Protein chains: 2
Amino acid sequence: MRKDLKMKMNLQGYKLTQQRKMVLDAFKNRTDHYTAWEIYEILRKKRTNISLATVYRSLDILTEMGFLNRVDIPESPSRYEFVGEDGSAKGHHHHLICLGCGKVIDFESDLMPVIQKLQSELEKKYNFVITNHHIRFEGYCEDCAKKLKLKS
Amino acid sequence: MRKDLKMKMNLQGYKLTQQRKMVLDAFKNRTDHYTAWEIYEILRKKRTNISLATVYRSLDILTEMGFLNRVDIPESPSRYEFVGEDGSAKGHHHHLICLGCGKVIDFESDLMPVIQKLQSELEKKYNFVITNHHIRFEGYCEDCAKKLKLKS
DNA sequence: CTTAATGCAAAGGCTTTGCAGCTAC
DNA sequence: GTAGCTGCAAAGCCTTTGCATTAAG
């Protein structure tokens, strides 16, 4: 498994460094979505040495490798979620995002077949190479809604 | 119509200034999606005087008023699209986004009923106040795909 | 008149980069 | 050994903000 990981990275011309291992490991046994800064803090609390720049660089590469997935959040730093070392351990899902605090909640849906169909129609119609899609809901979580005095 | 606009803004405690009018007008008779900087340039070419800071502030307010809609683009400045002065002249649609150049293409879909249902389920399940959603496809337009030598 | 909006320049937040020294392979 | 990686600090990019001046209602 570790061997496997190394092999995959080497195949892409990347080295499996201590830092990259640490960043990827930080996601294991965690189910949430983390910013670069949060990963940096998690690792520092473990008394490991890593720079924020390296966290950014590692997140990039691990995302490119398909081990992580980046979630872009309006007016808030990007967050990353663990996908799996085999590229698809975590099932397909979508996101519910709090515009107040940046919290991300995963949810499942059965829209895949419709979306797939739509995707291939769009690729043809607009000559696009589509690499991914998302269905996303945005709003305010209970706490943030209270703070803003929004009626739920 | 102009009167109407002024009234709406005053009701929200906003003044209808020359600059805000100019920014909103820049979207009329245009169908594309523009960054703050692009709007700034469009207005400067017309020999009008406006600062970039004011463009940002105006885009914010006009979006809050519902006249514009902001489209967040990964690793690229936000773009704005015209909705209408009555708040909904432009029909509901979704976006196909080029990760190479930031280009945005609108498309229609008939997913609304499914999405509405999903939204109210999510609001209940997670105690969220959901304010909006999007269905979005990302990838590369013909030109950018060529540059990156992606096979379409 | 009085409150809010503008312009300018400066600062802010997140992210990337240049470069000398250091590791993985 | 040597290509690629790291840490550090500096820079970059988009966006926001403080403040004196100006304009809207």
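Conventions we followed
Residues numbered from 1 in each chain as written. Chains lettered and ligands numbered in written order. Predicted model: local features only at pLDDT ≥ 70, side-chain atom pairs only at ≥ 80, totals over all residues. Heavy atoms only, no water. Phe/Tyr/Trp six-rings, centres within 6.5 Å; stacked < 30°, edge-to-face > 60°. Helix = DSSP H or I, 4+ residues; strand = E, 2+ residues; numbered from the N terminus. Buried < 20%, exposed > 50% of the residue type's maximum accessible area, 1.4 Å probe, protein only. Expected span 1.5 Å × (residues − 1). Least-squares fit on C-alpha atoms with pLDDT ≥ 70 in both. Contact = heavy atoms within 4.5 Å. Near = heavy atom within 4 Å. Polar contact = N/O pair within 3.5 Å; in protein donor to acceptor, adjacent residues only side chain to side chain. Nonpolar A, V, L, I, M, F, W, Y, C, P; charged D, E, K, R; others polar.

**Things to note about the packing of aromatic side chains**
Residues and elements named next belong to chain A.
Move 1: Using the criterion set out here, one finds six aromatic pairs over all chains in the structure.
Move 2: When the ring of phenylalanine 107 is compared with that of phenylalanine 137, the centres are 5.8 Å apart and the planes differ by 55 degrees; the resulting orientation is tilted. Taken together, the residues phenylalanine 107 in strand β4 (residues 104-107) and phenylalanine 137 in strand β5 (residues 129-140) connect sequence positions 30 residues apart.
Move 3: A relative accessible area of 0% means that phenylalanine 137 is categorised as buried.

**Description of helix α4 (residues 52-64) of chain B**
All names here are of chain B.
Move 1: A rise of 1.5 Å per residue sets the reference length of α4, with its 13 residues, at 18 Å; its end C-alpha atoms lie 18 Å apart and thus fit the reference within 8%.
Move 2: Among the residues of α4, Val55, Ser58, Leu59, Ile61 and Leu62 are the ones counted as buried.
Move 3: Glycine 66 lies just past α4 and shows a positive phi near 90 degrees.

**Remarks on the relation of the copies chain A and chain B**
Move 1: With an RMSD of 0.1 Å, the fit of chain A onto chain B corresponds to turning through 180 degrees and sliding 0.0 Å along the axis. Such values leave the two copies arranged in the relation of a two-fold axis. Identified as the residue of chain A closest to the rotation axis by C-alpha distance is isoleucine 135 of chain A, at 2.3 Å.
Move 2: Here 100% of the interface residues in chain A have copies in chain B that are interface residues too; the copies meet face to matching face.

**Concerning the protein's contact with DNA strand D**
Move 1: Around DNA strand D there are 21 residues in total, and Thr17, Gln19, Thr54 and Arg57 of chain A together with Tyr56 of chain B lie nearest to it.
Move 2: In DNA strand D, atoms within 4 Å of the protein come from the sugar-phosphate backbone in 70% of cases.
Move 3: In the environment of DNA strand D, a base nitrogen lies 2.9 Å from a nitrogen or oxygen atom belonging to the side chain of lysine 15 of chain A.
Move 4: Between a phosphate oxygen of DNA strand D and a side-chain N or O atom of threonine 54 of chain A, the distance comes to 2.6 Å.
Move 5: Those elements that place two or more of their residues in the surface near DNA strand D are α2 (18-27) and α4 (52-64) of chain A together with α1 (2-11), α4 and β2 (76-82) of chain B.
Move 6: Of the residues contributing to the surface near DNA strand D, the split by class is seven nonpolar, eight polar and six charged.

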